[in-house]
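# Results of the structural survey
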Amino acid sequence: QLSSRAFGLAADGATVVEEAARQLHQSMPMSEYERRVFTKHEGESYVEFYHHFLQFRSPSPLAFRRLIGSGIEYSTESRSCVHVGGEHEVGY
């Protein structure tokens, strides 16, 4: 966790940076697709979550160059997403 006396801590013990990332996440408009694939995982900081989200929205998101295995296909949306046995997975 990022913390420093220079930045201080929020009332709940989160750093100012973590609180800023949380507020950005809550105020950012997300498509229905983004809501489905981007959920904050237990133990993941809002800074990490926001970073992954920005990577996904970047003009050239990370992509799977090679798919190995049966039942794995590129999504119609982009090469950064794949379908695995009917499930939708995100690569980042």
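Structure: see above.
Structural notes, computed from the coordinates. (Residues numbered from 1 in each chain as written. Predicted model: local features only at pLDDT ≥ 70, side-chain atom pairs only at ≥ 80, totals over all residues. Heavy atoms only, no water.)

### Here we look at the side chain of Glu-44
Position of Glu-44 among the secondary structure elements: in the loop between helix 2 (32-37) and helix 3 (46-57). Within the buried core, Glu-44 has no salt-bridge partner, and the shortest N-O distance to an opposite charge, that of Lys-40, equals 6.0 Å. Here the side chain of Glu-44 touches His-52 through a polar contact of 3.3 Å, side chain to side chain. Contact partners of Glu-44, with chain neighbours within four places excluded, come to Thr-39, Phe-49 and His-52. (Helix = DSSP H or I, 4+ residues; strand = E, 2+ residues; numbered from the N terminus. Buried < 20%, exposed > 50% of the residue type's maximum accessible area, 1.4 Å probe, protein only. Lys, Arg positive; Asp, Glu negative; His and termini not counted. Salt bridge = Lys/Arg side-chain N within 4 Å of Asp/Glu carboxyl O. Polar contact = N/O pair within 3.5 Å; in protein donor to acceptor, adjacent residues only side chain to side chain. Contact = heavy atoms within 4.5 Å.)

### Focus on the side chain of Glu-34
Mapping Glu-34 onto the fold places it in helix 2. Here Glu-34 falls in the buried class, since its relative accessible area comes to 7%. With residues up to four places along the chain from it excluded, the contact list for Glu-34 reads Pro-29, Phe-53, Phe-56 and Arg-57.

### Considering the pattern of salt bridges
Scanning the entire structure with this criterion turns up 2 salt bridges. Two residues, Arg-22 and Glu-19, come together in a salt bridge whose shortest N-O distance is 2.4 Å. Separated by 3 residues within a single helix, Arg-22 and Glu-19 lie in helix 1 (residues 16-27), roughly one turn from each other. With a relative accessible area of 23%, Arg-22 lands in the partly exposed category.

Read these as layout, nothing more, since geometry by itself doesn't imply function.
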